[in-house]
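If you want the building blocks of each chain, they are given just below.
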Amino acid sequence: MNLREKLEEIKQNGLEEIRRAEDTKHINDVRVELLGKKGSITEVLRGMRDLSAEERPKVGSFANTIRDELTQAIAEKHAELEELKLAKRLESETIDVTLPATPVKTGTPHVLVQVIDEIEKLFLGMGFQVVDGPEIEEDHYNFEMLNLPQDHPARDMQDTFYITKQLLMRTQTSPVQARTMEVHDFSKGPLKMISPGKVYRRDTDDATHSHQFHQVEGLVIDKNITMGDLKGTLELIAKTVFGQQREIRLRPSYFPFTEPSVEVDVSCFKCGGKGCSVCKQTGWIEVLGAGMVHPNVLKMAGVDPEAYGGFAFGLGPDRFAMLKYGVDDIREFYLNDVRFLQQFAQKG
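Residues numbered from 1 in each chain as written. Predicted model: local features only at pLDDT ≥ 70, side-chain atom pairs only at ≥ 80, totals over all residues. Heavy atoms only, no water.

Trainee: Give me the lowdown on the sheet that holds strand E9 (residues 309–315), citing residues and values where you can.
Mentor: The strand order across the open sheet formed by seven strands is E1-E4-E5-E9-E8-E7-E6, and the pairing between neighbours is mixed. Looking at the sheet topology across the chains shown, the edges are occupied by strand E1 (129–130) and strand E6 (248–255). In the sheet, strand E7 (residues 258–267) pairs with strand E8 (residues 284–293) via eight bridges, with the strands oriented antiparallel. In the strand pairing of E8, aspartate 265 is matched with glutamate 286. Against the sheet, helix H5 (residues 111–125) contacts E1, strand E4 (191–200), strand E5 (212–222) and E9, and its axis sits at roughly 170 degrees relative to E4. Packed on one face of the sheet, helix H10 (residues 317–325) meets E5, E8 and E9 and runs near 150 degrees to E8. (Pairing = 2+ DSSP bridges. Helix = DSSP H or I, 4+ residues; strand = E, 2+ residues; numbered from the N terminus. Contact = heavy atoms within 4.5 Å. Axes fitted to C-alpha atoms, helices over the stretch in contact; angles between N-to-C directions.)

Trainee: So, the environment of glutamine 177: which residues are in play, and what are the values?
Mentor: Looking at the element boundaries, glutamine 177 is found in helix H7 (residues 174–183). Here the alpha-carbon distance between glutamine 177 and methionine 193, two residues 16 residues apart in the chain, equals 7.8 Å. In contact with glutamine 177, not counting residues within four places along its chain, are Met193, Ser195, Glu217, Gly218, Leu219, Ala312 and Phe313.

Trainee: Please give an account of the layout of surface pockets that cites residues and values.
Mentor: Space inside the second largest pocket adds up to approximately 240 Å³. Around the second largest pocket sit 13 residues that line it, and Val278, Cys279, Lys280, Ile285 and Arg319 are the ones nearest its centre. Of all elements in the fold, only E6, E8 and H10 reach the threshold of two or more residues within the lining of the second largest pocket. Residue contributions to the lining of the second largest pocket peak at three residues, all from E8. (1 Å grid on protein atoms, 1.4 Å probe; cavity = no way out; pocket = protein on both sides within 12 Å on 5 of 7 lines; lining within 4 Å. Points joined across faces, edges and corners; volume = space filled by probe spheres on them.)

Trainee: Lay out the packing of helix H2 (residues 24–35) against helix H4 (residues 55–92) in plain terms, naming residues and giving numbers.
Mentor: Contact geometry for H2 and H4: axes closest at 9 Å, N-to-C directions at 170 degrees. Taken together, H2 and H4 sit at an angle that is classed as roughly antiparallel. The segment H2 lies against H4, with Thr24, Ile27, Asn28, Arg31, Leu34 and Leu35 engaging Arg67, Leu70, Thr71, Ile74, Lys77, His78, Leu81 and Glu82. Considering only residue class, the contact of H2 with H4 consists of six nonpolar, four polar and four charged. (Parallel < 35°, antiparallel > 145°, perpendicular 65-115°, else oblique. Nonpolar A, V, L, I, M, F, W, Y, C, P; charged D, E, K, R; others polar.)

Trainee: Which residues make up the pairing of E9, and what values do they have?
Mentor: By the criterion of burial, E9 is predominantly enclosed, with six of the seven residues buried. Taken together, the seven bridges between E5 and E9 define a ladder with antiparallel strand orientation. Across the sheet, aspartate 222 pairs through a bridge with glycine 309, a residue of E9. One ladder, built from five bridges, connects E8 with E9; its direction is antiparallel. Residue pairing across strands places glycine 289 opposite glycine 314, the latter belonging to E9. (Buried < 20%, exposed > 50% of the residue type's maximum accessible area, 1.4 Å probe, protein only.)

Trainee: If you had to explain the nonpolar core to someone new, which residues and values would you point to?
Mentor: Ranked by internal contacts, the top residues of the largest apolar core, which has 42 residues, are Leu234, Ile237, Val287, Leu288, Phe313, Phe320 and Phe333. Contributions of two or more residues to this core are made by H5, E5, helix H8 (227–242), E7, E8, E9 and H10. In this structure phenylalanine 320 touches Val115, Ile119, Ile237, Val241, Phe242, Val287, Leu288 and Leu315, once residues within four positions along its chain are discounted. (Core = buried A, V, L, I, M, F, W, Y, C linked by side-chain atoms within 4.5 Å.)

Trainee: Please provide a residue-by-residue account of the pairing of E6, values included.
Mentor: Bridge analysis of E6 against E7 gives seven bridges, and the strand direction is antiparallel. Along E7, the bridge assignment pairs leucine 250 with valine 264.

Trainee: Summarise H4; cite the residues concerned and give the values.
Mentor: Spanning 38 residues, H4 covers 55 Å between terminal C-alpha atoms, matching the ideal 56 Å at 1.5 Å per step. For H4, every residue scored as buried is listed here: Val59, Gly60, Phe62, Ala63, Ile66, Leu70, Ala73, Ile74, Lys77 and Leu81. Contacts made by the buried residues of H4 are with helix H1 (3–20), H2 and helix H3 (40–45). (Expected span 1.5 Å × (residues − 1).)

Trainee: An account of the packing of aromatic side chains is requested, with residue identities and associated values reported.
Mentor: Summed over the entire model, instances satisfying the criterion amount to eight aromatic pairs. On the numbers, 4.9 Å between centres and 70 degrees between planes, the contact of phenylalanine 123 with phenylalanine 128 is edge-to-face. We note that phenylalanine 123, like phenylalanine 128, is buried. Their ring planes at 65 degrees and their centres at 5.1 Å tell us that phenylalanine 340 and phenylalanine 344 sit as a pair that is edge-to-face. Residue phenylalanine 340 shares its accessibility class with phenylalanine 344, and that shared class is buried. The structure contains a cluster of three or more aromatic residues connected by ring pairs, namely Tyr325, Phe333, Phe340 and Phe344. (Phe/Tyr/Trp six-rings, centres within 6.5 Å; stacked < 30°, edge-to-face > 60°.)

Trainee: Lay out H5 with the relevant residues and their values.
Mentor: The end-to-end C-alpha distance of H5 is 21 Å, a good match for the 21 Å that 15 residues give at a rise of 1.5 Å each. One or two residues past the end of H5 sits glycine 127, with phi positive at roughly 85 degrees.

Trainee: Please provide a residue-by-residue account of the pattern of salt bridges, values included.
Mentor: Tallied over the full model, the rule gives 17 salt bridges. Arginine 20 is the partner of glutamate 17 in a salt bridge, and the nearest nitrogen-oxygen pair spans 2.5 Å. One end of the pair, glutamate 17, and the other, arginine 20, are both in helix H1, three residues apart, so they sit about a helical turn from each other. Of the residues examined, glutamate 17 reaches a relative accessible area of 23% and is grouped as partly exposed. Glutamate 80 is paired through a salt bridge with lysine 77; the nearest N and O atoms lie 3.7 Å apart. (Salt bridge = Lys/Arg side-chain N within 4 Å of Asp/Glu carboxyl O.)

Below, the structure written as structure tokens:
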């Protein structure tokens, strides 16, 4: 058998072996066997030295043709096997989208946010606006505009964190009311607003006190506003937050920015007013302070106290939440303990 016949035989056997290859490893082995340095074609071509000068180029050209055909056949088979391998992998890794999904834990608004949202919803439904303001406040708005001059002893109850002599962390959200009164155009209607937000006082943290807490303060300024309007609003707050069976009572008190001023109690929602440990056997629980806006506060905001009057109130969402849910330590609201917060997962 001459060299051309041997090369033709290698070609036919090689094509058959390529056709039978079942995976990429097999086809690589075939490539090495046929085209490698010690492969079949190389072994045959070593016999070219025995050929005549006339035959040698013809056999060399024929060998190159055979090599090219086998190389192309191997490349096509390799691509085919790679595609088949990918198809099998995709089939084995197919996701069944009809299977039940892995449950995803979703968050819920913080209990204090829920209480504030409930209060905001109530007042928005009554035509109030929700107004925000800076937490770093000027002494002028935090105290002086609220009838608390620099030498007023009531400032001691609101000792706070001072940044400069004139800048401080606000002790209440009432400064937002003073700022809003200054710019409100009463010719276009009354001012009805609430101002929720964080406030700060230099206090020792314990079960019932915190250096940072929340307030929602409300203000209504218009002509012919009476104490009856205030009482009706306070009753609505108590019934919305603590239940429709709740009643309120007003006790005389003192606040520099209101006159007259009252402390507001709500009938105990645990014992129904009969007396228990929650209400200290009195049947009533103190929940907020309120009163008619002091004339001095109106004057300083540029509002004529002879023509306009109003009422204001301030409540603490932290205290509301403690009373409503029986939480005995205000610090629980700020520890970010998921076990505690999950108890107040919002419904609906």
